[in-house]
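# Structural overview for review
Listed here are the chains, written in short residue letters.
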Amino acid sequence: MAVKWNSIALWAGVGAVILVAVLLSTLQNLGSSGKNGPYSIGMTFRGEASTSRAFTWRYDQGEADGVLQVALSRDGLVKDQADKLSFTASREIRTGEKGKTEGVYQAEASGLSPTTGYWYRVGDAAADVWSEPASFTTGPEAGADGEVSFLHVTDSQGETEADFRLWSRTLEQAVRQFPQAAFIMHTGDLTENPEDPAAWRHFFDLARPVLSRLPLMPTTGNHDEVDNDALEYRSRFFLPDNGITSKDKGPSYSFDYGPVHMVVLNTESDLNKQRDWLKKDLAASADKPWRIVAIHRGAYGGNRYDKLEDWVKVFDEYQVDLVLQGHNHEYSRSYPLRGGKVVGNGDDPVRERTGTVYVTPNTAGPKFNDKKEDLFYHKVHFQNKKQMFGGVTVAGKTLTYEAYDVDGRLLDRFVLEH
Ligand SMILES: [Fe+2]
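These numbers come from a predicted model, not from an experiment.

Cut-offs used in this document
- Residues numbered from 1 in each chain as written.
- Predicted model: local features only at pLDDT ≥ 70, side-chain atom pairs only at ≥ 80, totals over all residues.
- Heavy atoms only, no water.
- Helix = DSSP H or I, 4+ residues; strand = E, 2+ residues; numbered from the N terminus.
- Buried < 20%, exposed > 50% of the residue type's maximum accessible area, 1.4 Å probe, protein only.
- Areas by Shrake-Rupley, 256 points an atom, 1.4 Å probe, with all protein chains shown as cover.
- Salt bridge = Lys/Arg side-chain N within 4 Å of Asp/Glu carboxyl O.
- Pairing = 2+ DSSP bridges.
- Contact = heavy atoms within 4.5 Å.
- Axes fitted to C-alpha atoms, helices over the stretch in contact; angles between N-to-C directions.
- Donors = N, O, S within 2.8 Å, 3.2 Å for Na, K, Ca; no water.
- Tetrahedral: all angles 85-135°; square planar, octahedral: opposite > 155°, others 65-115°.
- Phe/Tyr/Trp six-rings, centres within 6.5 Å; stacked < 30°, edge-to-face > 60°.
- Core = buried A, V, L, I, M, F, W, Y, C linked by side-chain atoms within 4.5 Å.
- pLDDT = per-residue confidence, 0-100.
- Lys, Arg positive; Asp, Glu negative; His and termini not counted.

### What about the overall build of the chain?
Secondary structure assignment for the chain yields 7 helices and 26 strands. Sorting the 418 residues of the chain into buried and exposed places 56% on the buried side. Per element, the accessible surface of the chain, about 17,700 Å² overall, is 50% carbon and sulfur.

Here you go:
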């Protein structure tokens, strides 16, 4: 009997030691993250997608210094504490919810290795207050031509927490459908009112399970830049600054991810300046296998059609493959278009860059417009009154766009081939 009790005591002791070790390791990885820590955390590309990652966040204690910590990850945890990298954030004070001040922080991790998993957290090192740790994977080496997938969503445009639950549900379905997606293209109108910090917090925090690991690359919409002012929207994203420089208005920028060259334009202001920049950007990326443009208002049929005609001429001249759009809150996909006309028979697949396809994946938010009139360029056009998303997959000489509703139903699919 004595032997049996000794053995029970021994195993209980071993169990307690293991429990304490697990708790200590968890605490070490978590820090004291939680409720009062950083919020509205946005992750973006700024430098090379293969070797860097940029972050913006807000924090109530705006006088505190901000730090981004990054480390090689193993199963979502820090692989080796000794290799943890720290990057100091820039800091600015703005007015947050209920008129309280808050800090706006921006930091970029650089010098990372391509196609590698990293653990990260952001926060206040002095007070040991951190975001929940999360992980991201860097992009492929520049020039690599392996398969790449990304998501296309638009017009989340919410006001309330309930509105942004529709947005987060759409993103969660999107990553179920495309678990391999590497980033998210948002084609504008992220919130209804960019001056409402609570809406931004819902935008980021309710979708945190997805946005913590996938960069979201935004496009300026008419609800993001109002009267030539996009300061609030701009302060939420740390973006490439290779486009038109204007510190108040929505940005234009471009970036590469594997074989994809992505150009993001702002339909709300400085259209002529952006046309000139677009020409230079597309001329400099002529060797990139796939060239895709993101804009908010539709180039065809939008209420700025006449003003965007100049951009369309550039898309035609440089044979842009695909234009991702928003604004109309309905699903529309164009025939391949060139010079304002449908080219070829318009059937799939579109071969050899004969035309550019324009696609608007309804909305990822609460508002649906009545379906607009069918026009000559519409190949597919409907209003299903369901949140939707697109998944784009580029594999060698083929690009596939698949449009799903929030319940996972495939509603449209098209292929471009080079
Ligand atoms: Fe919108």
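### Comments concerning the pattern of salt bridges
Summed over the entire model, instances satisfying the criterion amount to 29 salt bridges. Note that Arg201 and Glu97 form a salt bridge whose closest N and O atoms lie 2.5 Å from each other. One end of the pair, Arg201, is in helix H3 (residues 197-205); the other, Glu97, is in the loop between strand S6 (90-95) and strand S7 (101-109), with 104 residues separating them in the sequence. The class for Glu97 is partly exposed, based on a relative accessible area of 25%. For Arg413, the salt bridge is made with Glu402, and the minimal N-O distance between the two is 3.4 Å.

### Side note on the sheet that holds strand S11 (residues 148-153)
Taken in spatial order, the 7 strands of this open sheet run S13-S12-S11-S24-S25-S26-S21, and their pairing is mixed. With partners counted over all chains shown, the strands left at the sheet margins are strand S13 (216-218) and strand S21 (350-351), one partner each. The sheet contact formed by S11 and strand S12 (residues 184-186) spans 3 bridges and is parallel. Bridging from a neighbouring strand, Val153 pairs with His186 of S12. In the packing of helix H2 (residues 161-177) onto the sheet, contacts are made with S11, S12, S13, strand S24 (388-395) and strand S25 (398-405), and the angle to S24 comes to roughly 30°.

### Overview of the coordination of the iron ion
Working reference: metal with six octahedral donors, ideal angles 90 or 180 degrees; metal with four tetrahedral donors, ideal angle 109.5 degrees. Protein ligation of the iron ion involves Asp155 (OD), Gln157 (OE1), Asp189 (OD) and His329 (NE2), the donor distances falling in the range 2.0 to 2.4 Å. Metal-centred angles of 82 to 176° between the 4 donor atoms at the iron ion mark the site as irregular. The sequence pattern formed by the donor residues of the iron ion is D-x1-Q-x31-D-x139-H. Separated by 34 residues along the polypeptide, Asp155 in the loop between S11 and H2 and Asp189 in the loop between S12 and H3 bring together distant segments of the chain. Relative accessible area serves as the criterion here: at 0%, Asp155 is assigned to the buried category.

### Regarding the packing of aromatic side chains
Applying the stated criterion across every chain, the model contains 30 aromatic pairs. Relative to Phe183, the ring of Phe150 lies with its centre 4.8 Å away and its plane at 10°, an arrangement referred to as stacked. Residue Phe150 is found in strand S11, and its partner Phe183 is found in the loop between H2 and S12; the two are separated by 33 residues along the sequence. Both residues of the pair, Phe150 and Phe183, belong to the buried class.

### Overview of the nonpolar core
Membership of the largest hydrophobic core comes to 61 residues, with the highest contact counts inside it found for Met185, Met262, Leu322 and Leu324. Among the elements that make up this core, the one with the highest residue count is H2 (5 residues). Apart from the residues lying within four places of it in its own chain, the contact partners of Met262 are Phe150, Phe183, Met185, Tyr253, Ser254, Phe255, Ile292 and Leu324. Judged by nonpolar contacts, the second largest core, of 22 residues, contains Leu271, Leu278, Val314 and Tyr358.

### Quick word on the confidence of the model for the chain
Of all residues in the chain, 90% have pLDDT values of 70 or greater, and the mean over the chain is 91. Looking at the elements of the chain, mean pLDDT is at its lowest for helix H1 (residues 2-30), recorded as 53, and at its highest for S12, recorded as 99.

### Regarding the side chain of Asp163
Its place among the elements puts Asp163 in helix H2. Buried and without a salt bridge, Asp163 has Lys367 as its closest oppositely charged side chain, separated by 6.2 Å. In this structure, Asp163 is in contact with Gly158 and Pro366, ignoring residues within four places of it in sequence.

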